[in-house]
Amino acid sequence: MTPQQLEERLLKLPHEIFLANEEAIKAGEDFQKVKAEYEDSLDSEYLKLKARNEKSTVKELEAMARQVTQEKRLAVIIQEAKLLSLKNKAEKLKTAFMACQSAIKLRAVEMSSIGG
């Protein structure tokens, strides 16, 4: 990377990190919302099944409720994966920023050591 490219990247990265963190926060909120909806739906289905199947065991009722709410569970899994992906993106950008800073510091030391 040329010094100019390095400087441009160093100037752009803080904004990119900010945006990635904002996206991760939004994804975290969405994940919590979807998770709460799933848990409410699961509880509701469990109670409905329990009222209709008084002789069923707790495990059987839980399994039946999970089957009914499987689509919402998949939505939770997808949202969680999105959240983790965005968190990883933010961390990757932070690492890139630190690498750019280190490269600039290294070049400054090199320049001072050769008298430039």
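Residues numbered from 1 in each chain as written. Predicted model: local features only at pLDDT ≥ 70, side-chain atom pairs only at ≥ 80, totals over all residues. Heavy atoms only, no water.

Colleague: Hey, could you run me through the nonpolar core in this one?
Modeller: Buried together is how nonpolar side chains tend to be arranged in soluble globular proteins. In terms of nonpolar packing, the biggest core is built from 13 residues, with Ala65 and Val76 touching the most fellow members. Mapped by element, the contributors of at least two residues to this core are α1 (3–52), α2 (58–68) and α3 (70–113). Of all the elements, α1 adds the most residues to this core, at 8 residues. Grouped together as the second largest cluster of nonpolar side chains are 8 residues, Ile17, Ala20, Leu93 and Cys100 included. (Core = buried A, V, L, I, M, F, W, Y, C linked by side-chain atoms within 4.5 Å. Buried < 20%, exposed > 50% of the residue type's maximum accessible area, 1.4 Å probe, protein only. Helix = DSSP H or I, 4+ residues; strand = E, 2+ residues; numbered from the N terminus.)

Colleague: Looking at this model, I keep getting lost on the packing of α1 against α3. Mind explaining?
Modeller: The description of two packed helices rests on the angle between their axes and on the distance between the axes. At a minimum axis separation of 7 Å, α1 and α3 run at an interaxial angle of 160 degrees. With respect to α3, the element α1 is oriented roughly antiparallel. You can see that α1 and α3 cross each other, and the crossing is left-handed. (Axes fitted to C-alpha atoms, helices over the stretch in contact; angles between N-to-C directions. Parallel < 35°, antiparallel > 145°, perpendicular 65-115°, else oblique. Left-handed = near helix turned anticlockwise from the far one by under 90°.)

Colleague: Mind showing me how you'd approach the environment of arginine 52 here?
Modeller: Of note, arginine 52 is situated in helix α1. Looking at arginine 52, the relative accessible area reads 60%, which means it is exposed.

Colleague: Is there a simple way to think about the packing of α1 against α2 in this case?
Modeller: Two numbers describe how α1 lies on α2: the axes approach to 8 Å, and their chain directions differ by 125 degrees. As summarised for this structure, α1 and α2 are arranged oblique, according to the angle between their axes. Every pair of crossing elements has a handedness; the one defined by α1 and α2 is right-handed. Residues Tyr38, Leu42, Glu45, Tyr46, Leu49 and Lys50 of α1 form the contact with α2, whose participating residues are Val58, Leu61, Glu62, Met64, Ala65, Arg66 and Val68. Along the lines of polarity and charge, the residues of the contact of α1 with α2 split into 9 nonpolar, no polar and 4 charged. (Contact = heavy atoms within 4.5 Å. Nonpolar A, V, L, I, M, F, W, Y, C, P; charged D, E, K, R; others polar.)

Colleague: Explain a negative patch on the surface to me, please; I cannot follow it from the model alone.
Modeller: Together, Glu37, Glu39, Asp40 and Asp43 line one region of the surface with negative charge. Along the chain, glutamate 39 falls in helix α1. (Patch = residues over 30% accessible without salt bridge, like charges linked within 9 Å, V, L, I, M, F, W, Y side chains within 5 Å. Areas by Shrake-Rupley, 256 points an atom, 1.4 Å probe, with all protein chains shown as cover. Salt bridge = Lys/Arg side-chain N within 4 Å of Asp/Glu carboxyl O. Lys, Arg positive; Asp, Glu negative; His and termini not counted. Charge placed at Lys NZ, Arg CZ, Asp CG, Glu CD.)

Colleague: Even after reading the chapter, I still don't get the pattern of salt bridges, so can you show me in this structure?
Modeller: Should the charged atoms of two oppositely charged side chains come close, the side chains can pair. The full count for this structure, using the stated rule, is 5 salt bridges. Residues lysine 26 and aspartate 30 are paired through a salt bridge, measuring 2.9 Å at the closest nitrogen-oxygen approach. Taken together, the positions of lysine 26 and aspartate 30, both in helix α1 and 4 residues apart, correspond to about one turn of that helix. The exposure class assigned to lysine 26 is partly exposed, which follows from its relative accessible area of 45%.

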